[in-house]
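The chain contents come next:
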Amino acid sequence: MNSLQPVQILENEASEEKGEHARLSSFVGAIAITDLVKTTLGPKGMDKILQSMGRDGITVTNDGATILKAVYLDNPAAKILVDISKTQDDEVGDGTTSVCVLAGELLREGEKLMSQKIHPQTIIAGWRLAVDVARKALIDSAKDHKSDPVKFREDLLNIARTTLSSKIVTLEKDHFANMVVDAVLRLKGSTNLDSIHIIKKLGGSLRDSYLDEGFILEKRIGVGCPKRVENAKILLANTAMDTDKIKIFGARVKVSAMQDLNDIEEAERAKMIDKCKRIVDHGINVFINRQL
């Protein structure tokens, strides 16, 4: 009679943790991540130097989401903190370090309670009650200045200044706060930030950044064309304006005589003249085309 051989499920170098050891390992990993990023929090926060394992060089930043994305993790609780930070970055765009530090400190206090033999479900129930109390306190202390444009703008400026205090533009936070508040107010309540177009140019200083009243299109002005046009009538197009190519991919034309080739060129030239005439007939004085 053959004895049953044990089936090996884990790999040779794998380790297994259960009970208190597994919980302690999760706590330690999450708290370590919190201690890593909390020194970058606030206007007095310090930058971190991140050195890649590859050839990408180094990165200097104090942004919590950037730091957490660059750190390799194998601890489940620490990975959850990274996911929380990513969600905060996608939904709000700020507060990535704050949510990570807050969750880490809650876990730190939860570890103390569990050391007193309090069941995890009891701790979770207490946190849920605390969420309701905190939400009620925030609602009671909230002030709505939406009906007063002056106070509403000042509230937005204070929010922008607070957000920019820990960023690289902190030296010019008043300038950028006014600029971003003006941009958001022009949306007239819309939350579609795609309507705000940001154009980056090399050179200059932070103070050279500005918000334009109109629409800026990055196009090169043609030779001999005026640099400034007022009360312009603009036509936007996406059509070919050259006659030296047949616009069919893989097309091949065979001719039996040079006269046939000349006839094709004349037909293309006449077609382009007709296109230009139809463009001019619209009565425009500015023509912007996506193609050549």
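Look above for the structure.
Right, let's walk through the structure included here. (Residues numbered from 1 in each chain as written. Predicted model: local features only at pLDDT ≥ 70, side-chain atom pairs only at ≥ 80, totals over all residues. Heavy atoms only, no water.)

## Some points on the layout of surface pockets
Okay, step 1: Of the voids in this model, the largest pocket is the one considered here, and its volume is about 2200 Å³.
Okay, step 2: When contributions to the lining of the largest pocket are tallied by element, the ones reaching two or more residues are α6 (149-164) and α7 (173-185).
Okay, step 3: When residues in the lining of the largest pocket are grouped by element, the largest group, 7 residues, is from α7.
Okay, step 4: Estimates place the volume of the second largest pocket at around 1000 Å³.
Okay, step 5: Together, 26 residues line the second largest pocket, and K219, I221, V286, F287 and I288 are the ones closest to its centre.
Okay, step 6: Breaking the lining of the second largest pocket down by element, the ones donating at least two residues are β3 (234-237) and β4 (286-289).
Okay, step 7: Sort the elements by how many residues they give to the lining of the second largest pocket and β4 lands first, with 4 residues.
Okay, step 8: Broken down by class, the residue content of the lining of the second largest pocket amounts to 16 nonpolar, 4 polar and 6 charged. (1 Å grid on protein atoms, 1.4 Å probe; cavity = no way out; pocket = protein on both sides within 12 Å on 5 of 7 lines; lining within 4 Å. Points joined across faces, edges and corners; volume = space filled by probe spheres on them. Helix = DSSP H or I, 4+ residues; strand = E, 2+ residues; numbered from the N terminus. Nonpolar A, V, L, I, M, F, W, Y, C, P; charged D, E, K, R; others polar.)

## What about helix α8 (residues 258-280)?
Residues three or four positions apart in an α-helix share a direction because the helix packs 3.6 residues into each turn.
Okay, step 1: With 23 residues, α8 ought to run about 33 Å at 1.5 Å a step, and its terminal C-alpha atoms sit 33 Å apart, in line with that.
Okay, step 2: Looking only at α8, the buried set comprises M272, K275 and I279.
Okay, step 3: Packed against the buried residues of α8 are β3 and β4. (Expected span 1.5 Å × (residues − 1). Buried < 20%, exposed > 50% of the residue type's maximum accessible area, 1.4 Å probe, protein only. Contact = heavy atoms within 4.5 Å.)

## A closer look at a nonpolar patch on the surface
Okay, step 1: Residues V253, V255, M258, L261 and I264 make up a contiguous nonpolar surface patch of roughly 430 Å² in combined accessible area.
Okay, step 2: By the element assignment, V255 lies in the loop between β3 and α8.
Okay, step 3: Owing to a relative accessible area of 39%, V255 belongs among the partly exposed residues under this scheme. (Patch = residues over 30% accessible without salt bridge, like charges linked within 9 Å, V, L, I, M, F, W, Y side chains within 5 Å. Areas by Shrake-Rupley, 256 points an atom, 1.4 Å probe, with all protein chains shown as cover. Salt bridge = Lys/Arg side-chain N within 4 Å of Asp/Glu carboxyl O.)

## Digging into the side chain of T97
Okay, step 1: Positionally, T97 belongs in helix α4 (residues 96-115).
Okay, step 2: The class of T97 is buried, set by a relative accessible area of 9%.
Okay, step 3: T97 has contacts with V37, T40, L41, N62, D63 and G64, leaving out every residue within four places of it along the chain.

## Describing unusual backbone geometry
Okay, step 1: With phi around 70 degrees, K117 is a residue other than glycine that occupies positive phi space.
Okay, step 2: Take K117: its relative accessible area is 73%, and that puts it in the exposed class.
Okay, step 3: We note that N231 has phi near 55 degrees; this positive angle belongs to a residue other than glycine.
Okay, step 4: By relative accessible area, which is 75% here, N231 ends up exposed.

## Details of the environment of I279
Okay, step 1: Here I279 is to be found in helix α8.
Okay, step 2: Distance from I279 to L193, taken between C-alpha atoms, is 34 Å for residues 86 residues apart in sequence.
Okay, step 3: When neighbours within four sequence positions are excluded, I279 is seen to be in contact with L235, M241, I284 and F287.

## As for the state of the cysteines
Okay, step 1: Applying the stated criterion to the full structure yields 0 disulfides.
Okay, step 2: Note on C225: no disulfide assigned, nearest cysteine sulfur contributed by C276 at a separation of 13 Å. (Disulfide = S-S within 2.5 Å.)

## Digging into the nonpolar core
Okay, step 1: Grouped together as the largest cluster of nonpolar side chains are 14 residues, with contacts concentrated most on I33, V37, L68, L73, L81 and C100.
Okay, step 2: Those elements that place two or more of their residues in this core are α1 (19-37), α2 (64-70), α3 (76-91) and α4.
Okay, step 3: Looking at which element gives the most residues to this core, the answer is α3, with 4 residues.
Okay, step 4: Setting aside its immediate chain neighbours within four residues, I33 contacts L68, L73, A78, L81 and C100.
Okay, step 5: A160, L164, F176 and A177 belong to the second-largest nonpolar core, a separate cluster that totals 8 residues. (Core = buried A, V, L, I, M, F, W, Y, C linked by side-chain atoms within 4.5 Å.)

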